[in-house]
Amino acid sequence: MRIPLQKGGICFRVPCHCSSLLSYSRRYRRNVIAVLLCAALFSLSLQLIFPMPAYAATLTLDLDSGMVFTVITITGSGFPGSTGGVVWFDNNDNGVKDSLEPYKNITTTSGGDIPSGVTLTVPKVPGGLYQVLADIPDGSPVEASADFTVVPGLSLGPDSGVAGTIISFSNSGGFAASTAGYLWFDTDKDSVMDDDETKKSVTTLSNGAFSSTTKLTVPDVDPGIYPVCADIPTGSPVEASANFTVLPIAAMSLNPSSGNYCTEITITGSSFAADTAGWVWFDTDGDRVRDAGEPQAAVTTTAGGELPSGVTLTVPMVEPNTTYSVRADIPVGSPVEGSANFKTTYTTVLLTVTKYDPYGAVLSQTTVDYEYMEASMPVQGSTTLHRYHQGPTFDSSSFDDLWDPGEMENIDSRDYGRALGTDVKDLCNLVGGAAPGDAIKVKASDNFFKWFDYEDIYNPEPEQGKLVVCWYNEDFGGYVPGYDTGMRLVFFAETQNPEGKYVFGDWDMHETMPASRWHYYYDGNFWPSSSGLSVQTVYNIEIYQPNLVSCDASGNPKDSFAPEETVYVKGLGLSGNTDYKVWIQGEPVLLYTLDALDRNSGNPFVLNTGNDPSSTQETVSTDGNGDFGPTAIWTVPSAASASDYDIVADNQASGTTGRYDAADKIDNPGWAGFSVTAAEYISFTAVDYGNDGILFGSLDPGMNDRPADGQPGQGTITLTVGEETNVDVAIQLKGDDFTGPATIDVSSVKYDDDSDPAGAANLTDSYVTWYTVTQPLSGDDVREVYHWISIPGGKVAGTYTSTFYYQAVKSP
């Protein structure tokens, strides 16, 4: 008989058992008009009777044509003396000074002349004939005008420089409004736009000018003077051109020409202007402008036009694996006369830690270098202990050959040396830390990356060990950047292989991490390889909060559910106003399916309704923010076994329906993980031989190790832990002292699981754990109990009885 017990254990006693306006009338308006008209006629009559003085005002421009931004000097005479008024450029030819038209308020001289020095700047207007007007005295009518023709023109900024100089056209204009055409650098100077010439298609604005973003890059041509042409509209003739002078590039060299943060560069150069002051600088932002925060040095060239000796710059905190320019501006002012490239290496000496919310917004960010890590954070590792990962076994004959649980194949090739570094957990804590459900991306300077879960970082199993970003290695160059694969992610496993090496092996990866995080080496086949998780040149650590969160009905996060509880899920930061179907899948969700040997078969992972314990996929709709509220997705059955699950939201508007793919816009971390915790359950039985108690028979004092009934053919008691037991259990036993005509101490009885009393243990009067049965069970665990008794000398004859107890309790 099997007797189950929840939340506890089972005891058998032998022979018994227990156990979250006015308006006017039309007529009145006519009267007003009549009165005004009479007044006008009367005024005219008065003017005829009493003539006013007559003026013959004239307006003169120093230029009668030019491009936009031309400065016009204005003179004039014949106006009333010492009288105020205004002159302006009439953009829209309406004879009225409008608010946006260039103007000058003036007062004429006593002789009626416009004072000297009056100028106007031609505004950005399409080409054509315009008037400059003078209203002196101020008020109708306009007393004088002069014509000015705006012609298309190019203004280059700058108008000289070396190859690669970027030309802007901010002060150009006078072209037809809202018209398409081309700008080009006329390399062969023939006023024809050839296919191989640097060109840019443009459309003018409504004022006949170019957008402020219009740029053209000087091509790699010999020093000389070249036209920059504008053909707007397209077709002969060329409407405008301006000359650009290509200057010789001064020779510059850097030593070294590659390196990393804090590298000191020695700079040499020649062919500059002689005995001339200027600057050299590290152009961090690549804008060809010497900014205040960029490393720079003031220099004066020699009589031979060379840079003086000893000019150095130190590489600032910049991106690895990136090309930057060191530039020279001698003499100061556009253009840049010389430059040379500096390439930062893949090796990293600092990293940036960033924490994001579910919408991708930065919550916190910091950058630290290896010196800070060593001085201010706990240092992990040893300069005497080598750390190993494992490469592919390249043997697929069996599961064990593929995964190599013994951790002996392809180990030495993954000897990552005696390394020191900083725990990824400590680095995450610099920005507020991660939380259960978060995923952490460790990314290299070449953008290679690997994902890890919160548990991998914060609660690593001994076989995996801490994830450590290593910045020093006794065997590979010391500190970074000498340690040229640093900063490197190394797993500090705490267990050893049979050779005593501390290895994070392929099997360790299999056992401690979900399959979605395993790494494979591909050579036409997929081979598991833990070494692929050892990210080199780490540059970014990024903490992402999940887009899907398992929760209760009120939206409070919850990741563990007992039988008969309902699992809810809420969404954050998914695609806005989009329908999704929600799936539950057995943990883990993979982007690819695996074959029988846990190798990637290359087939995209299809979401399987049969793998969804709820058998139904709920439809949810996100709001404009990409959110949806708590949605019930499964009520856990009362008999559910303990297991882990993932929740996946499958975008019904993009990607492939029913498939977990990148088009769903749910990358890592995209799923919610939750677990079902079944009630603790122990199944335990004890059956005695013959079902009549434990019998030792008739014995004489002084007899030793006399067996109980049933022996040696079988044990006196059979103990069975049923396979339905879902916790580890400890099997314990004890006995009472024998009573009768006298007392016999229970320690006179021995017990064991075989028929030989040698090495058997003595029974005690308090429970002692004999053995432990651990999960998982593939069947019943059955043990036989053998007993022997020794009768001390001097005991009197009679019947003696005792009670033996056997119990199964949850193992600590």
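Just above, that's the structure.
Definitions and cut-offs
- Residues numbered from 1 in each chain as written.
- Predicted model: local features only at pLDDT ≥ 70, side-chain atom pairs only at ≥ 80, totals over all residues.
- Heavy atoms only, no water.
- Helix = DSSP H or I, 4+ residues; strand = E, 2+ residues; numbered from the N terminus.
- Buried < 20%, exposed > 50% of the residue type's maximum accessible area, 1.4 Å probe, protein only.
- Areas by Shrake-Rupley, 256 points an atom, 1.4 Å probe, with all protein chains shown as cover.
- Contact = heavy atoms within 4.5 Å.
- Polar contact = N/O pair within 3.5 Å; in protein donor to acceptor, adjacent residues only side chain to side chain.
- Core = buried A, V, L, I, M, F, W, Y, C linked by side-chain atoms within 4.5 Å.
- Salt bridge = Lys/Arg side-chain N within 4 Å of Asp/Glu carboxyl O.
- Pairing = 2+ DSSP bridges.
- Axes fitted to C-alpha atoms, helices over the stretch in contact; angles between N-to-C directions.
- Lys, Arg positive; Asp, Glu negative; His and termini not counted.
- Phe/Tyr/Trp six-rings, centres within 6.5 Å; stacked < 30°, edge-to-face > 60°.
- Lys NZ or Arg CZ within 6 Å of the ring centre and 35° of its normal.
- Patch = residues over 30% accessible without salt bridge, like charges linked within 9 Å, V, L, I, M, F, W, Y side chains within 5 Å.
- Charge placed at Lys NZ, Arg CZ, Asp CG, Glu CD.

## Let's talk about the overall build of the chain
For the chain, the count of helices and strands is six helices and 61 strands. In the chain, which comprises 812 residues, the share counted as buried stands at 45%. With an accessible surface of roughly 37800 Å², the chain has 49% of that area assigned to carbon and sulfur atoms.

## Thoughts on the environment of Asp412
Its place among the elements puts Asp412 in the loop between helix 3 (399–403) and strand 31 (419–423). The exposure class of Asp412 is exposed, given its relative accessible area of 53%. Here the alpha-carbon distance between Asp412 and Tyr388, two residues 24 residues apart in the chain, equals 7.4 Å. Apart from the residues within four sequence positions on either side, Asp412 is in contact with Tyr388 and Lys501. Engagement of the side chain of Asp412 in a polar contact is seen with the side chain of Lys501, the distance being 2.5 Å.

## Quick look at the nonpolar core
Formed by 53 residues in total, the largest nonpolar core has its most connected members in Leu351, Leu427, Phe452, Val469, Leu489 and Ile541. With six residues, strand 34 (residues 466–473) is the largest single contributor of residues to this core. In this view, Ile541 contacts Leu351, Thr352, Val353, Thr354, Val424, Leu427, Cys428, Ile440, Lys441 and Val469; residues no more than four positions away in its chain are not counted. Membership of the second largest hydrophobic core comes to 29 residues, among which are Ala708, Leu719, Leu763 and Tyr800.

## Remarks on the pattern of salt bridges
A complete count under the given rule lists nine salt bridges for this structure. With a shortest N-O distance of 2.7 Å, Arg418 and Asp475 are connected by a salt bridge. Of this pair, Arg418 sits in the loop between helix 3 and strand 31 while Asp475 sits in the loop between strand 34 and strand 35 (478–479), placing them 57 residues apart in sequence. Of the residues examined, Arg418 reaches a relative accessible area of 22% and is grouped as partly exposed. Classification of Asp475 as partly exposed rests on a relative accessible area of 31%. Three or more residues are tied together by salt bridges with common partners; here these are Asp412, Glu499 and Lys501.

## Things to note about the environment of Asn410
Here Asn410 is to be found in the loop between helix 3 and strand 31. Asn410 gets classed as partly exposed once you look at its relative accessible area, which sits at 24%. Here the alpha-carbon distance between Asn410 and Gly505, two residues 95 residues apart in the chain, equals 9.7 Å. In contact with Asn410, other than residues within four places in its own chain, are His389, Gln390, Gly391, Pro392 and Phe394. A polar atom in the side chain of Asn410 sits 2.4 Å from the side chain of Ser413.

## So, the sheet that holds strand 4 (residues 58–61)
The sheet built from three strands is open, its strands ordered 4-6-9 with antiparallel pairing. Two strands in the sheet have a free side with no partner beyond their single neighbour: strand 4 and strand 9 (118–121). Adjacent strand axes in the sheet meet at a mean angle of 35 degrees, parallel and antiparallel pairs treated alike. When strand 6 (residues 71–77) meets strand 9, the two strands line up antiparallel, connected through four bridges. Residue Thr73 lies in a different strand from strand 9, and its bridge partner there is Thr119.

## Some words on the side chain of Asp186
Position of Asp186 among the secondary structure elements: in the loop between strand 14 (180–185) and strand 15 (199–203). This buried residue, Asp186, is left without a salt bridge; Lys189 holds the nearest opposite charge, at 9.2 Å. Those residues within four positions of Asp186 in sequence are excluded, and the remaining contacts are Ser191, Val192, Glu197, Tyr226, Pro227 and Cys229.

## So, the pairing of strand 47 (residues 618–621)
Residues Glu618 and Val620 of strand 47 are buried on one face, while the alternating residues Thr619 and Ser621, pointing to the opposite face, are not. Taken together, the four bridges between strand 44 (residues 579–586) and strand 47 define a ladder with antiparallel strand orientation. Bridge pairing links Asp579 to Ser621 in strand 47.

## A few points about the pairing of strand 61 (residues 804–810)
Here strand 61 lies mainly inside the structure; five of its seven residues are buried. Direction of pairing for strand 54 (residues 729–735) relative to strand 61: antiparallel, over a ladder of seven bridges. Residue pairing across strands places Leu733 opposite Tyr806, the latter belonging to strand 61.

## Structural notes on unusual backbone geometry
At the junction of Asn255 and Pro256, the peptide bond is cis and its omega measures out at 0 degrees in the coordinates. Looking at the secondary structure, you find Pro256 in the loop between strand 19 (251–255) and strand 20 (258–259). Note that the residue after Gln711, namely Pro712, is joined by a cis bond; omega there is 0 degrees. Secondary-structure assignment places Pro712 in the loop between strand 52 (706–707) and strand 53 (717–721). Notably, Asp93 is not glycine yet its phi reads approximately 55 degrees, a positive angle. Among the structural elements, Asp93 can be located in the loop between strand 7 (84–90) and strand 8 (103–107).

## Section: the packing of aromatic side chains
Per the counting criterion, the structure on display carries 32 aromatic pairs. Considering the side-chain rings of Tyr645 and Phe674, the 5.5 Å spacing of their centres and the 25 degrees angle between planes classify their relative orientation as stacked. On the criterion of sequence distance, the pair formed by Tyr645 in strand 49 (residues 643–651) and Phe674 in strand 50 (residues 672–676) is long-range, its members being 29 residues apart. Note on accessibility: Tyr645 and Phe674 belong to one class, buried. Within the aromatic cluster, the residues linked to one another by ring pairs are Tyr356, Phe449, Trp451 and Tyr544. Stacked on the ring of Phe449, the Lys or Arg Lys441 has its end atom at 4.4 Å from the ring centre.

## Things to note about the sheet that holds strand 43 (residues 566–571)
In spatial order, the strands read 41-43-48; together these three strands make up an open sheet with antiparallel pairing. The sheet terminates laterally at strand 41 (548–551) and strand 48 (628–635), the two strands that pair on one side only. Neighbour-to-neighbour, the strand axes of this sheet turn through a mean angle of 30 degrees, independent of strand direction. For strand 41 and strand 43, the ladder comprises four bridges, and the chain directions are antiparallel.

## Quick look at the side chain of Asp781
Considering the arrangement of structural elements, one finds Asp781 in strand 60 (residues 781–789). Within the structure, the side chain of Asp781 is placed 3.4 Å from the side chain of Arg783, a separation counted as a polar contact. With near-sequence residues (within four places) excluded, Asp781 lies in contact with Leu719, Thr720, Val721, Tyr771 and Val773.

## Description of the environment of Gly310
Summarising the element assignment, Gly310 is placed in the loop between strand 23 (296–300) and strand 24 (312–314). Sequence separation of Gly310 and Ile265 is 45 residues, and the distance between their C-alpha atoms is 10.0 Å.

## Digging into a negative patch on the surface
Together, Asp188, Asp190, Asp195 and Asp196 make up a negatively charged patch on the protein surface. Positionally, Asp190 belongs in the loop between strand 14 and strand 15. A relative accessible area of 34% places Asp190 in the partly exposed class.

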